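A closer look at the structure
One-letter residues, chain by chain:
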Amino acid sequence: MGGALLAQTPPPQQGPANVAGNWTLYCKDPNGSTSAKYLELQQKGTVISGHFKGPNQSGGVQGTIDLQHLVVRTKTRDVLTFRGRVGGPREGGIVQANTFNGTFHDRGGTGSFQGQKTN
């Protein structure tokens with residue numbers, strides 16, 4: 001009988017991954033070249049803010065994290081939008097993100113990236 005009660009218990013709520021910190025994104029750009037781009041992210045719940053630095057521009061960022069799905073948009077002359085999944089070990093049910101892989105968009109098209117947390 002105890003098993004039947006457990007089966008009907010909703011799963012515990014999972015919080016968004018912890019993505020705060022400094023990130024290096026190794027990018028394959030839409031034009032076929034490669035570059036490194038840098039994110040410095042702060043996090044309050046599901047809201048992301050921080051700073052972006054790329055080869056040709058830098059500026060603020062804003063974004064959101066939904067469990068392990070991170071979207072970051074730069075506040076720069078040429079806006080970049082990074083979208084992907086973060087991964088890493090769990091502590092207390094929260095993913096402590098140390099990887100961020102996905103795609104990004106700029107006015108030149110779509111590129112891909114592999115990100116690594118550096119702190």
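Here is a short report on the structure shown in this document. Every chain's residues receive numbers from 1 upward, in the order its sequence appears when written. Confidence filtering applies because this is a predicted model: local features only for residues at pLDDT of at least 70, side-chain atom pairs given and counted only at 80 or more, and all residues used for totals across whole chains, interfaces and linings. Based on all heavy atoms of the structure, the side-chain values leave hydrogens and waters out of the count.

**A closer look at the packing of aromatic side chains**
Here a pair means two rings of Phe, Tyr or Trp (six-membered ring of Trp) with centres within 6.5 Å. Their orientation is stacked below 30 degrees between planes, edge-to-face above 60, and tilted elsewhere. All told, the structure shown has five aromatic pairs when counted by the stated rule. Measuring from centroid to centroid gives 6.2 Å for W23 and F100, while their planes differ by 80°, and the two rings are edge-to-face. With W23 in strand β1 (residues 21-28) and F100 in strand β9 (residues 99-106), this pair connects stretches of sequence that are 77 residues apart. The exposure classification of W23 matches that of F100, with both residues buried. Ring geometry for F100 against F113: centres 4.8 Å apart, planes inclined by 70°, an arrangement best described as edge-to-face. Helix numbering and strand numbering both begin at the N terminus, where a helix is a DSSP run of H or I of at least 4 residues and a strand a DSSP run of E of at least 2. Here's how the labels work: a residue is buried when its accessible area is under 20% of the maximum for its type, exposed when over 50%, partly exposed in between, all with a 1.4 Å probe on protein chains only.

**Structural notes on the pattern of salt bridges**
Think of a salt bridge as a Lys or Arg side-chain nitrogen and an Asp or Glu carboxyl oxygen that are within 4 Å of each other. Overall, the coordinates contain two salt bridges when judged by the stated rule. D29 is paired through a salt bridge with K37; the nearest N and O atoms lie 2.9 Å apart. Residue classification places D29 among the buried positions, given a relative accessible area of 13%. A relative accessible area of 6% means that K37 is categorised as buried. D78 serves as the salt-bridge partner of R107, at 3.0 Å between the closest nitrogen and oxygen.

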